[in-house]
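Tertiary structure, described
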Amino acid sequence: MLNDKENNNQDLSILLSTDFKSLEVTVDKGVAFITFNHGDINILDMVSVMELVQLAELLEKDPMVKVIVFQSSNPDYFLSHADFKLLQEFRDQGAYDSNEMPLYSGLLEKFRTMPKATIAKIQGRARGGGAEFVMAMDMSFGEIGKAFLSQMEIIVGILPGGGAAQYLARKIGRSRAMEICLGGGDFSALEAEKYGYINRALSSIEINSFVDELAYRIASYPTKAISLNKAAVNLFEEGRSEEFITSNAWFAELVKAQHFNNRVETFLAKGGQTSKGELVNWSEWALKLEI
């Protein structure tokens, strides 16, 4: 039987030895640095989503990790929206016709509630499911001039499928959540900070050292203290599964509408889901996708 130290080493080695295709993982002094590295825009496809599910399971049970920092190797994209072609495939397979917690919402809730501190260091675009991922983190910091966030789903005729409306209403209030979900445009780091969408907007000179210092400082505290401080803050957000299930039913209705197919077809034809095509503010896509 392994003693506690051997158990810890075994758990850590599993995390580091896992062969991820969309993620890079390093661990140092109780901090796990998770770097998105997946194609041109770090799109959320079947590979990246399932690897995040696997990662969450490993991180949650790893006693040596106290803090998790998510970042990107791509200077233009932190984490993008879902692959719209995949959404169509899931729809056709009946994946959204369920009264259970949706897969992606369940993943985000796992990160929101796991007894580890989670931080998003945003140095690029976080849109759709990528912005929802940021919402599930305990803290988020964006680089001025590089970080942009948006819930752009309405522009392709759907709603945020991972729970952004529910996260935003609690995080920044009803009216600002409406502006983000109904407007569909990008918010810069400075705008996001002003709204409370992220914790802070930091310069390129500041952001890496600030996040690293914060992560290592938190990791120096007792594991139980980190866990219960997080649990105490989360008390006001208990019992949210029914909200995600209801929202998923509405998402399913919109994904089945013909306007979604039409807009996705136009979006892809005009350069959507490419690095160059998505460098523009998503509000510009609102005009391009008028059908």
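As shown above, the structure is provided for reference.
All of the points below concern the structure found in this document. (Residues numbered from 1 in each chain as written. Predicted model: local features only at pLDDT ≥ 70, side-chain atom pairs only at ≥ 80, totals over all residues. Heavy atoms only, no water.)

Right, let's get into the overall build of the chain. Looking only at helices and strands, the chain features 13 helices and ten strands. The C-alpha atoms of the chain give 19 Å as radius of gyration, which agrees with the globular expectation for 291 residues (19 Å, within 12%). Residues counted as buried form 52% of the 291 residues belonging to the chain. Put simply, of all contacts in the chain between residues at least 6 apart along the chain, 76% involve residues at least 24 apart. Total accessible area on the chain stands at roughly 13,200 Å², and carbon and sulfur atoms take up 53% of it. Both charge centroids of the chain, one from 29 positive and one from 39 negative side chains, sit 4 Å from each other. (Helix = DSSP H or I, 4+ residues; strand = E, 2+ residues; numbered from the N terminus. Rg over C-alpha atoms; globule rule 2.2 N^0.38 Å. Buried < 20%, exposed > 50% of the residue type's maximum accessible area, 1.4 Å probe, protein only. Contact = heavy atoms within 4.5 Å. Areas by Shrake-Rupley, 256 points an atom, 1.4 Å probe, with all protein chains shown as cover. Lys, Arg positive; Asp, Glu negative; His and termini not counted. Charge placed at Lys NZ, Arg CZ, Asp CG, Glu CD.)

What follows deals with the sheet that holds strand β10 (residues 200–202). Two pairing modes exist for strands in a sheet, parallel and antiparallel, and in both the strands are linked by backbone hydrogen bonds. Ordered in space as β1-β2-β3-β5-β7-β10, the six strands form an open sheet in which the pairing is mixed. Looking at the sheet topology across the chains shown, the edges are occupied by β1 (23–28) and β10. Strand-to-strand twist across the sheet, computed as the mean angle between neighbouring axes with direction ignored, equals 20 degrees. When strand β5 (residues 117–122) meets strand β7 (residues 139–143), the two strands line up parallel, connected through four bridges. For Ala 120, the partnering residue across the bridge sits in β7 and is Ser 140. (Pairing = 2+ DSSP bridges. Axes fitted to C-alpha atoms, helices over the stretch in contact; angles between N-to-C directions.)

The buried fraction of helix α5 (residues 129–136) is high, at eight of eight residues. The set of residues buried in α5 consists of Gly 129, Gly 130, Ala 131, Glu 132, Phe 133, Val 134, Met 135 and Ala 136.

Right, let's talk about the side chain of Gln 123 for a bit. Of note, Gln 123 is situated in the loop between β5 and β6 (125–127). Look at Gln 123 and you get buried, because its relative accessible area is 16%. If sequence neighbours within four positions are ignored, Gln 123 has contacts with Asn 74, Pro 75, Asp 76, Glu 143, Lys 146, Ile 207 and Asn 208.

This paragraph deals with the pattern of salt bridges. Counted under the stated rule, the structure contains eleven salt bridges. Among the salt bridges present, the one from Arg 127 reaches Glu 278, with a minimum N-O distance of 3.9 Å. With a gap of 151 residues between them, Arg 127 in strand β6 and Glu 278 in the loop between α12 (258–269) and α13 (282–288) connect regions that are remote in the sequence. Each member of the pair, Arg 127 as well as Glu 278, carries the same accessibility label: buried. In this structure, Glu 213 engages Arg 217 in a salt bridge whose closest nitrogen and oxygen atoms are separated by 2.9 Å. Taken together, the residues Glu 213 and Arg 217, both in helix α9 (residues 207–219) and four residues apart, mark about one turn of the helix. Assessed through its relative accessible area of 42%, Glu 213 is described here as partly exposed. Residues joined in a network through salt bridges with shared partners are Glu 57, Glu 60 and Lys 110. (Salt bridge = Lys/Arg side-chain N within 4 Å of Asp/Glu carboxyl O.)

Glancing now at the packing of helix α3 (residues 84–92) against α12. Where α3 meets α12, the axes come as close as 10 Å, and the angle between the chain directions of the two elements is 150 degrees. Taken together, the axes of α3 and α12 are roughly antiparallel relative to one another. Remark: the crossing between α3 and α12 carries left-handed chirality. Of α12, the residues touching α3 (which contributes Phe 84, Lys 85, Leu 87, Gln 88 and Arg 91) are Phe 260, Asn 261, Val 264, Phe 267 and Leu 268. Residues that form the contact of α3 with α12 fall into these classes: six nonpolar, two polar and two charged. (Parallel < 35°, antiparallel > 145°, perpendicular 65-115°, else oblique. Left-handed = near helix turned anticlockwise from the far one by under 90°. Nonpolar A, V, L, I, M, F, W, Y, C, P; charged D, E, K, R; others polar.)

So, about helix α10 (residues 223–234). The terminal C-alpha atoms of α10, which comprises twelve residues, lie 17 Å apart, in line with the 16 Å expected from a rise of 1.5 Å per residue. Considering only its buried residues, α10 is in contact with α4 (103–113), β5 and α9. (Expected span 1.5 Å × (residues − 1).)

Don't take any of this as a statement about function, it's just geometry.
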